[in-house]
Amino acid sequence: SERPDDRVPKQHLLVVANRLPVSAVRRGEDSWALEISVGGLVSALLGINEFEARWIGWAGVNVPDEVGQRSLTKALAEKRCIPVFLDEETVHQYYNGYCNNILWPLFHYLGLPQEDRLATTRSFQSQFAAYKKANQMFADVVNEHYKEGDVVWCHDYHLMFLPQCLKDYNNKMKVGWFLHTPFPSSEIHRTLPSRSELLKSVLAADLVGFHTYDYARHFVSACTRILGLEGTPDGVEDQGKLTRVAAFPIGIDSDRFIQALELPQVKDHIKELRDRFDGRMVMLGVDRLDMIKGIPQKILAFEKFLEENPIWRDKVVLVQIAVPTRTDVPEYQKLSCQVHEIVGRINGRFGSLTTVPIHHLDQSLDFHALCALYAITDVALVTSLRDGMNLVSYEFVACQASKKGVLILSEFAGAAQSLGAGAILVNPWNVTEVAASIGYALTMPADEREKRHRHNFMHVTTHTSQEWAETFVSELNDTIVEAQLRTRQ
Ligand code: G6P
């Protein structure tokens with residue numbers, strides 16, 4: 001029981017990410033609704049409260065007028081958020097273009113866009129220019145709010161240029177960068193026209209973090225093979241300057257989920273859902289509607305399972321929550337049509353007058369409804385083709401203390417390395433294997449379910465987002481100390 005005045009002052013942190021934890025929706029000239037943003041990055045960062053943290057990022061909305069910018073800045077200040085205002089053209093070229101049409105697919109092994117090579121090459125250059133410009137805009141806002149002693153923590157593939165921009169402003173700034181996606185094999189990264197520039201800029205940071213050891217290793221290989229630098233067990237060395245590179249597996253705020261299950265409204269939800277699905281086992285998918293999540297593959301595996309096991313047709317339901325995301329990017333629009341077509345076909349094929357085998361929702365659920373859904377689920381299906389970590393798998397486990405349901409998990413999600421012993425690991429491309437795993441999961445004996453759940457639950461509740469952030473930031477602080485010691489020697 002510490003007295004307040006014994007406490008160490010909280011570390012001041014500037015968290016910089018493309019997306020703020022709240023997204024703004026305009027209600028009037030100077031009135032705003034703030035909604036919690038969706039995605040792994042936000043669900044992890046929301047759990048951090050050990051720091052005096054301020055957030056810098058894009059509020060997800062175009063605000064061309066000064067009145068709007070002023071009032072939104074004020075509304076966000078209450079949430080300790082500082083907006084970066086990006087105009088429409090920048091959003092189009094930087095966010096939709098370079099980030100989500102080039103880097104995102106590439107880092108998930110889906111390659112560079114290939115449709116029209118010439119057009120792609122031309123737009124590639126303008127999109128990269130917009131990417132650099134946007135990163136510079138983030139750097140300007142950081143620089144404006146930075147105070148000596150602050151630690152600046154940059155996040156994700158949107159901001160690979162930021163460490164360099166920040167060090168150009170102030171070489172003493174403590175800068176960390178963390179990637180929330182996989183870092184691909186150096187053979188994939190080397191196809192990127194701006195491969196060297198991005199690597200060099202990231203190396204300007206003092207500490208570079210990834211979810212898994214494999215991603216860190218791929219990054220170091222890319223630096224040695226593409227830039228010709230020396231990789232050491234601690235990171236990458238360039239003319240005597242060491243950039244620390246390490247793995248920091250992310251987690252969730254598990255208590256937030258566990259405690260939510262005790263709330264009366266969540267208990268009501270749970271009861272409602274149980275009644276609704278009475279007599280049927282519930283399988284669940286919760287994903288952003290993104291090609292990396294393997295949603296078509298998952299649904300096709302479910303179809304195969306129903307095809308081969310007629311006895312299960314009226315005894316199981318797949319609830320698929322597919323949260324719309326990046327809807328201005330053509331690949332995402334195509335995916336949405338594709339998924340609707342497959343779901344329609346399967347429901348037409350195996351549905352009846354009163355029920356359908358797949359409940360597919362193009363919506364996000366509020367937090368309490370989501371917790372209830374996790375809690376009543378018998379089998380969760382995570383079939384990502386590649387995924388940095390996948391925190392949906394963690395959230396499901398956190399809500400399963402009483403049911404002890406089964407997690408079917410892609411071996412290509414970072415989470416496979418932490419939850420592998422408790423989950424059924426699958427190759428999502430192998431529809432036959434996934435269909436067989438569905439059968440195995442639905443009929444798994446209680447003692448095996450319990451054993452697997454215990455392993456996962458232990459991991460999820462001990463490797464939290466709080467612990468992840470503390471480890472990263474303390475290592476970032478140490479790195480700086482090391483660097484200062486070296487200069488003094
Ligand atoms: C992933 C990325 C995040 C991103 C989230 C949602 O989790 O790693 O950086 O915020 O997806 O995507 P969006 O494009 O809507 O921000």
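Read on for a plain summary of the structure. (Residues numbered from 1 in each chain as written. Predicted model: local features only at pLDDT ≥ 70, side-chain atom pairs only at ≥ 80, totals over all residues.)

1. What about the overall build of the protein chain?
A count of helical and extended segments in the protein chain gives 18 helices and 17 strands. For 489 residues, the compact-globule formula gives about 23 Å, and the C-alpha radius of gyration of the protein chain, at 23 Å, lands near that figure. With the C-alpha coordinates aligned to their principal axes, the bounding extent of the protein chain is approximately 70 × 65 × 55 Å. Taking all 489 residues of the protein chain together, the buried fraction comes to 46%. Summarising the internal contacts of the protein chain: among those between residues at least 6 apart in sequence, 77% fall at separations of at least 24. (Helix = DSSP H or I, 4+ residues; strand = E, 2+ residues; numbered from the N terminus. Rg over C-alpha atoms; globule rule 2.2 N^0.38 Å. Buried ≥ 20, exposed ≤ 12 C-beta atoms within 10 Å, placed from the backbone. Contact = placed C-beta atoms within 7 Å.)

2. As for the pairing of strand β3 (residues 31-36)
Within β3, only 0 of the 6 residues are buried, leaving the element largely exposed. Two strands pair when backbone bridges link them, and strand β2 (residues 22-28) and β3 are joined in this way by 6 bridges, in the antiparallel orientation. Paired with Arg26 across the two strands is Trp32, which belongs to β3. The antiparallel pairing of β2 with β3 creates a hairpin that spans 2 residues between the two strands. (Pairing = 2+ DSSP bridges.)

3. A closer look at the sheet that holds strand β6 (residues 151-155)
On the basis of which strands lie adjacent, the open sheet formed by 9 strands has the order β5-β4-β1-β6-β7-β8-β11-β10-β9 and mixed pairing. Since the sheet does not close on itself, it has two edges, and those belong to β5 (81-83) and β9 (230-232), each with one partner. Direction aside, neighbouring strands of the sheet carry axes that sit 20 degrees apart on average. Relative to strand β11 (residues 241-247), strand β10 (residues 235-238) runs antiparallel, the two sharing 4 bridges. Of the residues in β11, the one forming a bridge with Gly235 is Arg244. Contacting β1 (12-19), β6 and β7 (174-178), helix α5 (residues 162-169) crosses the sheet at an angle of about 175 degrees to β7. (Axes fitted to C-alpha atoms, helices over the stretch in contact; angles between N-to-C directions.)

4. Considerations on the nonpolar core
Looking at soluble globular proteins, one finds that nonpolar side chains tend to be buried together. The biggest cluster of nonpolar side chains holds 144 residues, and the ones touching the most others in it are Val16, Val152, Trp153, Phe219, Ile408 and Leu409. Of all the elements, helix α3 (residues 88-107) adds the most residues to this core, at 9 residues. Dropping the residues within four chain positions of it, Val152 is found in contact with Leu14, Val16, Val142, Tyr146, Leu166, Met173, Lys174 and Val175. (Core = buried A, V, L, I, M, F, W, Y, C linked by C-beta atoms within 7 Å.)

5. So, unusual backbone geometry
The phi angle at Tyr109 is positive, at roughly 65 degrees, despite the residue not being glycine. Along the chain, Tyr109 falls in the loop between α3 and α4 (117-145). Positive phi, normally seen in glycine, also occurs at Arg326, with a value near 45 degrees. Mapped onto the secondary structure, Arg326 falls in the loop between β13 (316-323) and α12 (330-350).

6. Concerning the packing of helix α11 (residues 295-308) against helix α16 (residues 431-442)
It is the contact of α11 with α16, at a shortest axis distance of 8 Å, that shows an interaxial angle of 60 degrees. Along this stretch, α11 crosses α16, giving a crossing that reads as right-handed. Contacts between α11 and α16 pair Gln297, Leu300, Ala301, Phe302, Lys304, Phe305 and Glu308 from the former with Val431, Thr432, Val434, Ala435, Ile438 and Gly439 from the latter. Tallied by class, residues from the contact of α11 with α16 come to 8 nonpolar, 3 polar and 2 charged. (Left-handed = near helix turned anticlockwise from the far one by under 90°. Nonpolar A, V, L, I, M, F, W, Y, C, P; charged D, E, K, R; others polar.)

7. Comments concerning the sheet that holds strand β16 (residues 406-410)
In spatial order, the strands read β14-β13-β12-β15-β16-β17; together these 6 strands make up an open sheet with parallel pairing. Looking at which strands have only one partner, the edges of the open sheet turn out to be β14 (358-361) and β17 (424-426). Neighbouring strand axes in the sheet, compared pairwise and without regard to direction, differ in orientation by 20 degrees on average. Strand direction decides the pairing type here: β13 and β14, joined by 4 bridges, are parallel. In the strand pairing of β14, Val319 is matched with His359.

8. Remarks on the environment of Ala375
By secondary structure assignment, the location of Ala375 is in helix α13 (residues 367-376). With 24 C-beta atoms counted inside 10 Å, the residue Ala375 sits in the buried group. Sequence separation of Ala375 and Asp156 is 219 residues, and the distance between their C-alpha atoms is 31 Å. Non-local contacts of Ala375, meaning those with residues more than four positions away in its chain, are made with Leu261, Ile270, Cys399 and Lys403.

9. What to know about the environment of Asp478
Of note, Asp478 is situated in helix α18 (residues 465-488). Note: C-alpha distance between Asp478 and Asp206 (272 residues apart in sequence) is 9.9 Å.

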